[in-house]
Amino acid sequence: MAQPFKDHPYLTGHHQPMRFEADAPDLIVHGELPDDLHGVFYRVGGEPLYDPPEGYHWFDGDGMVYGFFFEDGRVSMRNKWVRTEKFEAELKAGRRLFGVFGNPMESDPSVQGMRYNTGNTNIVLHGGKLLALMEGAPPIEMDPRSLSTREYLDYGGTVTGPFSAHPKVDQFNGEMLSFGWMINGPMGKPEIRYDIIDKHGQIVRNVQFDAPYMSMVHTFMVTENWVIFPFNPLETNIQRFMQGGPMNAWVRGRSSKLAMLPRNGDTDKIRWLEMPGRHMFHELNAWEEDGKLIADVAAANGTALFPNEDGSMNTHKDTALELRRWTIDLTGATDEVKEETLNDRDIQFPRPDDRFMTRKTRHGYANCNLHSTDGRVDGMDAAIHFDTTTGKEDLYHFGDGAACGELIFAPRVGATDEADGYALTLVHPANSHHTELAIFQARDIAAGPIARVFIPYRIPSGFHCNYYTADGPLGAPVFEQAA
Ligand SMILES: [Fe+2]
């Protein structure tokens with residue numbers, strides 16, 4: 001029998017797990033559903049099946065995938081858990097078996113040696129396959145329509161351990177670029193594995209290089225010719241943990257290091273750059289322009305996601321992420337990473353028009369704290385669109401107490417220009433028990449949603465979303481399958 005969950009900020013309010021799978025045809029829409037929106041919106045988040053006996057962390061829930069299918073002027077919805085071996089073992093036992101983050105010291109003997117995976121962080125289509133991703137394990141393939149769990153992907157035996165939750169799919173050639181950190185385990189040598197997987201899902205490059213220390217590398221940046229790995233002072237350290245300190249901690253006073261690698265090049269061509277210590281888990285986009293590499297990122301000078309080395313915590317207010325531009329000289333004249341703030345709103349997940357990832361973009365989208373103070377706990381109450389060429393912001397407030405998820409761009413059918421389409425996000429209005437999928441005109445967020453898809457219960461707040469248009473190469477197989 002499942003027991004009630006503990007009272008915890010990430011298990012209550014807009015985070016409270018719903019714990020059921022649904023299949024809902026032809027959802028009610030308030031407003032006008034655009035008839036040139038034809039595609040699928042996926043979202044994944046952590047929705048624990050059982051409450052761990054010891055503590056909990058926002059990143060620790062079992063992955064639940066939601067799919068909203070826009071076709072024939074209607075939208076339908078389906079959600080399913082990612083049925084990892086962890087999920088199946090715990091369902092069979094009727095209780096939580098793994099410690100938080102799979103900590104073996106808190107895990108049941110029956111799962112010692114079993115892979116800890118939740119598949120809760122990102123949900124990405126590539127090569128006609130839908131991948132549920134969590135950076136500590138290989139991708140799990142899901143059926144893109146039914147959302148049933150299929151199998152682990154190992155890309156010809158080359159990916160047997162960690163695989164990033166933020167691979168980049170370059171829509172100019174169909175490649176998916178990814179990496180793994182902590183590939184030798186938490187006690188092993190800190191190394192990064194860098195992968196290139198072609199548009200058919202075949203691995204074409206798989207190299208490794210030394211990391212300066214066990215930095216939690218959540219994302220990386222890709223341009224037409226370069227990949228850039230950020231090593232920030234958020235460190236996993238088993239020795240510190242064995243001595244009673246936090247396993248994952250921010251190391252004050254340590255600088256950030258960027259490893260620049262030719263996208264198709266060898267690891268002996270890596271260029272290392274240094275800058276003051278930054279927290280950066282998500283970028284908007286990166287590209288090359290006039291002898292420079294430009295990366296627009298959500299960055300802060302510290303983090304409240306994990307404690308400092310001494311166990312003290314930073315506040316969200318002091319470590320709020322803002323949109324910054326990092327500029328690197330590609331001529332080699334200087335190794336300085338120039339940093340400027342493009343917009344100082346407190347944002348969470350910045351996103352471009354994904355079709356132009358790796359090339360110059362001017363439009364960006366993010367969820368944002370406007371009146372809320374810490375969106376992880378209170379919920380992000382606003383959506384923002386940046387024009388980084390003019391510096392103009394375009395903002396919509398959902399009302400105090402609302403919680404909105406990642407805001408992502410969805411091209412209209414036939415669109416070829418950047419930001420020609422819609423922006424979508426899942427929202428819990430304040431004091432309500434339902435959820436809305438809000439649809440904006442992508443260049444006029446401030447005008448408010450043009451349509452709101454009504455979900456008659458509260459979908460817990462989650463992590464990353466992606467939209468695939470039916471007329472694009474990535475989304476097309478999903479709709480061929482349905483036809
Ligand atoms: Fe992420």
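Residues numbered from 1 in each chain as written. Predicted model: local features only at pLDDT ≥ 70, side-chain atom pairs only at ≥ 80, totals over all residues. Heavy atoms only, no water.

Visitor: Sorry, what's going on with the sheet that holds strand β25 (residues 363–369) here?
Guide: One open sheet accounts for four strands, arranged β24-β25-β26-β27; its pairing is antiparallel. The open sheet has two free edges, formed respectively by β24 (346–347) and β27 (392–397), since each of these has just one partner strand. In this sheet, β27 lies alongside strand β26 (residues 382–387) in antiparallel orientation, the contact comprising six bridges. Within the sheet, the bridge partner assigned to F386 lies in β27 and is E393. (Pairing = 2+ DSSP bridges. Helix = DSSP H or I, 4+ residues; strand = E, 2+ residues; numbered from the N terminus.)

Visitor: How should the pattern of salt bridges be read in this particular structure?
Guide: Pairing between side chains becomes possible if they bear opposite charge and their charged atoms approach one another. Under the counting rule described, the total for this entry stands at 37 salt bridges. Here E175 ties to R263 by a salt bridge, and the two come within 3.0 Å at their closest N and O atoms. Here R263 lies in the loop between β18 (256–262) and β19 (271–275) and E175 lies in strand β11 (residues 175–180), a separation of 88 residues in the sequence. For E175, a relative accessible area of 14% gives the class buried. The class of R263 is buried, set by a relative accessible area of 3%. (Salt bridge = Lys/Arg side-chain N within 4 Å of Asp/Glu carboxyl O. Buried < 20%, exposed > 50% of the residue type's maximum accessible area, 1.4 Å probe, protein only.)

Visitor: Looking at this model, I keep getting lost on unusual backbone geometry. Mind explaining?
Guide: Most peptide bonds are trans, and most residues other than glycine sit at a negative phi. A positive phi is found at Y155, a non-glycine position, where the angle reads about 50°. Along the chain, Y155 turns up in the loop between β9 (149–152) and β10 (168–170). Located in the positive-phi region is T358, a residue other than glycine, with phi close to 85°. Take T358: it is sitting in the loop between β24 and β25. Note on T358: relative accessible area 2%, which makes it buried.

Visitor: How should the sheet that holds strand β12 (residues 191–197) be read in this particular structure?
Guide: Within a sheet, neighbouring strands are paired by backbone hydrogen bonds and run either parallel or antiparallel to one another. Ordered by their spatial adjacency, four strands build an open sheet running β10-β11-β12-β13, and the pairing between neighbours is antiparallel. Two strands close off the open sheet at either side, each with one partner strand: β10 and β13 (203–210). Adjacent strand axes in the sheet meet at a mean angle of 15°, parallel and antiparallel pairs treated alike. Pairing of β11 with β12 involves five bridges; the strand directions are antiparallel. Across the sheet, residue G180 finds its bridge partner in β12, namely R193. (Axes fitted to C-alpha atoms, helices over the stretch in contact; angles between N-to-C directions.)

Visitor: Can you help me understand the side chain of T388 in this one?
Guide: Positionally, T388 belongs in the loop between β26 and β27. Excluding its chain neighbours within four sequence positions, the residues that come into contact with T388 are D296, L323, R325, L342, T361 and R362. (Contact = heavy atoms within 4.5 Å.)

Visitor: Please explain the environment of R150 as it appears in this structure.
Guide: Mapped onto the elements, R150 comes out in strand β9. With relative accessibility at 42%, the residue R150 sits in the partly exposed group. The spatial distance from the C-alpha of R150 to the C-alpha of T341 is 43 Å, given a sequence separation of 191 residues. One polar contact links R150 to E141, side chain to side chain, over a distance of 2.6 Å. Within polar-contact distance, the side chain of R150 engages the side chain of D143 at 2.8 Å. (Polar contact = N/O pair within 3.5 Å; in protein donor to acceptor, adjacent residues only side chain to side chain.)

Visitor: What should I look at first to understand the packing of aromatic side chains in this one?
Guide: Aromatic rings considered in pairs are described by the distance between their centres and by the relative angle of their planes. If you walk through the whole model with that rule in mind, you get 24 aromatic pairs. Ring plane angle 65° and centroid distance 6.2 Å describe the contact between F59 and F306, whose orientation is recorded as edge-to-face. Separated by 247 residues along the polypeptide, F59 in the loop between β3 (39–46) and β4 (63–71) and F306 in the loop between β21 (292–300) and β22 (322–329) bring together distant segments of the chain. Here F59 falls in the partly exposed class, since its relative accessible area comes to 23%. For F306, a relative accessible area of 5% corresponds to the buried category. Taken together, F179, Y194, F209, F220, F229, F231 and W272 form an aromatic cluster joined through their ring pairs. In this structure, R359 packs its charged tip against the face of F172, placed 4.1 Å from the ring centre. (Phe/Tyr/Trp six-rings, centres within 6.5 Å; stacked < 30°, edge-to-face > 60°. Lys NZ or Arg CZ within 6 Å of the ring centre and 35° of its normal.)

Visitor: Help me understand the pairing of strand β32 (residues 451–455), please; the structure alone is not making it clear to me.
Guide: Residues in a regular strand point their side chains to alternate faces of the sheet. Across the two faces of β32 the burial differs, with A451, V453 and I455 buried and R452 and F454 not buried at all. Bridge analysis of strand β2 (residues 29–31) against β32 gives three bridges, and the strand direction is antiparallel. The residue bridging G31 from the neighbouring strand is A451, located in β32. Note that strand β31 (residues 435–441) and β32 share five bridges and pair antiparallel. Directly across from L437, in β32, lies its bridge partner V453.

Visitor: I tried to follow the coordination of the iron ion on my own but got confused; where do I start?
Guide: Under ideal tetrahedral coordination, the four donors around a metal are separated by 109.5 degrees; under ideal octahedral coordination, the six donors are separated by 90 or 180 degrees. Distances from the iron ion to its protein donors, H166 (NE2), H218 (NE2), H282 (NE2) and H464 (NE2), fall at 2.1 Å. Of note is the iron ion, whose four donor atoms meet at the metal with angles of 90 to 163° in an arrangement that counts as irregular. Sequence positions of the donors to the iron ion reduce to the motif H-x51-H-x63-H-x181-H. Within this pair, whereas H218 is found in the loop between β13 and β14 (221–222), its partner H464 is found in the loop between β32 and β33 (465–469), the two being separated by 246 residues in sequence. Across the pair, exposure class does not vary: H218 and H464 are buried alike. (Donors = N, O, S within 2.8 Å, 3.2 Å for Na, K, Ca; no water. Tetrahedral: all angles 85-135°; square planar, octahedral: opposite > 155°, others 65-115°.)

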